[in-house]
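What the coordinates show
Take a look at the letters that make up each chain.
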Amino acid sequence: MKSHLRSPPRRGAGGRGRVLFTLMQGVPFLIALAVLVIELTPAHFLYTGPLLTAVPALAAVTLGPRGTAAATAFALAISATTATWNDAWGTLQVYTNFLALGLVAVAGFITSSAVQARRQRELDQVRRIAVAAQEVVLRPVPARLGPVAAGSLCLAAGTGARVGGDLYEAVETSYGVRMIVGDVRGKGLSAVRAVAVALGAFREAVHYEDELVEVMNRCAAALRREVAVPGAFDEEVRLEGFITALIAQVPDEHVVQLINRGHPPPLLLHRGRATPLVPPSPSPPLGLEDLGLDLPAKPESYPFVPGDRLLLYTDGVIEARDPGGEFFALPEAMERIRADTSPPVFLEQLHRALTRHTEGDLADDVAMILADRCTTGPEPMPYDAGAR
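Residues numbered from 1 in each chain as written. Predicted model: local features only at pLDDT ≥ 70, side-chain atom pairs only at ≥ 80, totals over all residues. Heavy atoms only, no water.

Some thoughts on the sheet that holds strand β4 (residues 176-184)
We count it as follows: Strands pair, by our definition, only if DSSP identifies at least two bridges between them. Helix and strand definitions follow DSSP, with helices as H or I runs of at least four residues and strands as E runs of at least two, each counted in order from the N terminus. Axis definition: a line fitted to C-alpha atoms, limited for helices to the stretch in contact. Angles are taken between N-to-C directions and run from 0 to 180 degrees.
The strand order across the open sheet formed by five strands is β3-β4-β5-β6-β9, and the pairing between neighbours is antiparallel. Of all strands in the sheet, those bounded by a partner on one side alone are β3 (166-173) and β9 (300-303). Recorded for the sheet is a direction-independent mean angle of 20° between the axes of neighbouring strands. Bridge analysis of β4 against strand β5 (residues 243-250) gives eight bridges, and the strand direction is antiparallel.

So, in structure tokens, the structure goes:
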């Protein structure tokens, strides 16, 4: 079976475009430096006034209002330096250059501010549409589901306005509370279509499939059927994409059962210590079954006793970096939060810690579900962080 649905970003054209744009941002300052070199060498007989006047105009195109102001200040400093060096103060040419530079700078700043404001309004509008579209597919997790108290959190990346591919759901069934967290790499209509298909299959299968493995298989089968529809996804997405997914089940017994298909392992917070529930062997994401890795035949079972907390999350959490490039330490952040907080408050404090770490600049979407075992039942099994 071909892999599908998780299309990695193309680096070719986009990477070249970013490099070219960065080079263009440096052009105004390079021009100003060229003027300085001309004026401080025997070539100063060349008239450089028009070159300096072009500096704020070019900056307004690529650098925005602040960049325009910085480029203007740089050009003014160079103009003053060259006037002093050439002993040209008091001449009409110097004051004409300053006047032209000031007029172009004011016009460039006003134009750049207007363009930036218009772009921001357009981006805000697109973001509102994207959030509305995502809320149609995703819904908040109920505060109470059988033996667990729960909460959910979904954050959009701050670097774009396209609909992301994170998915989550929690449903109370006759088999226990069943939850899913997944991640479709990429954004846009292809991602939200894959999210809708996976969640639709999950929401139906959780009520009719006895085995947790079969719930995951039903999600994979639904995605395969969707990919087979002509025109549903473009060729690149069909051949190079995949979805990571994790399904958890909390029955009446004091355990949690997991099926992990290439997703970051959940974290179990037990007596103040967060432990990742890593599967004994890796399994391929949905859509990459042809890699030859073994598919899970049954769920892994871990102790989940009253007072424990289970966090399911997407990789946008653990891959969030600070300005220095350090990853967000999720286990340590969980351990620092008070144990008596409710799931919504717990997630809100995680959100604040994540925002502080990234200084408000999330590079990827984030989705989390927190489940607290909050009822008593049969005698708990002896605690062991390993799978049983």
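Looking at the nonpolar core
Applicable threshold: Among buried residues, those of type Ala, Val, Leu, Ile, Met, Phe, Trp, Tyr and Cys that are joined through side-chain atoms within 4.5 Å constitute a nonpolar core. Each residue's exposure class comes from its accessible area (1.4 Å probe, protein chains only) as a fraction of the maximum for that residue type: buried when under 20%, exposed when over 50%, partly exposed otherwise. Residue contacts follow a heavy-atom distance rule, with two residues in contact if any of their heavy atoms lie within 4.5 Å.
The biggest cluster of nonpolar side chains holds 53 residues, and the ones touching the most others in it are Leu167, Met179, Phe202, Val256, Leu286, Leu310 and Leu312. The greatest single-element share of this core, amounting to eleven residues, is contributed by helix α5 (residues 189-208). Among residues more than four places away in sequence, those in contact with Met179 are Glu169, Ala170, Phe202, Leu246, Ile247, Ala248, Val250, Leu310, Leu312, Ile369 and Ala371. Counting 23 residues, the second largest nonpolar core, distinct from the first, contains Leu267, Leu311, Tyr313 and Ile337.

Quick look at the pattern of salt bridges
What counts, and what does not: One speaks of a salt bridge when a side-chain nitrogen belonging to Lys or Arg is within 4 Å of a carboxyl oxygen belonging to Asp or Glu.
Counted according to the given criterion, the structure contains seven salt bridges. Measuring nitrogen to oxygen at the nearest pair gives 2.8 Å for the salt bridge that ties Arg309 to Asp372. With Arg309 in strand β10 (residues 309-313) and Asp372 in strand β11 (residues 366-373), this pair connects stretches of sequence that are 63 residues apart. On the basis of relative accessible area, Arg309 is assigned to the buried category, the value being 4%.

Some points on the sheet that holds strand β2 (residues 148-155)
As summarised here, the arrangement of the six strands in space is β1-β2-β11-β10-β7-β8, forming an open sheet in which the pairing is antiparallel. In the strand order of this sheet, the two ends are held by β1 (144-145) and β8 (273-276), each with one partner. The sheet strands contacting helix α10 (residues 343-358) are β2, β7 (267-270), β10 and β11, and the helix crosses β2 at an angle near 30°.

Overview of unusual backbone geometry
Among all residues save glycine, negative phi is the norm, and among peptide bonds the norm is trans. Despite not being glycine, Arg271 shows a phi value in the positive range, around 50°. Along the chain, Arg271 turns up in the loop between β7 and β8.

Section: the environment of Val184
In this structure, Val184 sits in strand β4. We classify Val184 as buried; its relative accessible area is 1%.

Side note on helix α3 (residues 64-85)
The condition that has to hold: Here the expected span of a helix is defined as 1.5 Å times the quantity of residues minus one. The arc under discussion is defined with respect to the helix axis, by the directions toward the C-beta atoms.
Over its 22 residues, α3 runs 31 Å from end to end, which matches the ideal 32 Å to within 8%, given 1.5 Å per residue. Burial in α3 covers these residues: Gly64, Pro65, Gly67, Thr68, Ala71, Thr72, Ala75, Ile78, Ser79, Thr82 and Ala83. Axial view of α3: buried residues confined to an arc of 155°, hence all on one face. Exposed positions of α3 whose direction lies more than 90 degrees from the buried face are Arg66, Thr84 and Trp85. Following α3 by one or two positions, Asp87 adopts a phi angle in the positive range, close to 55°.

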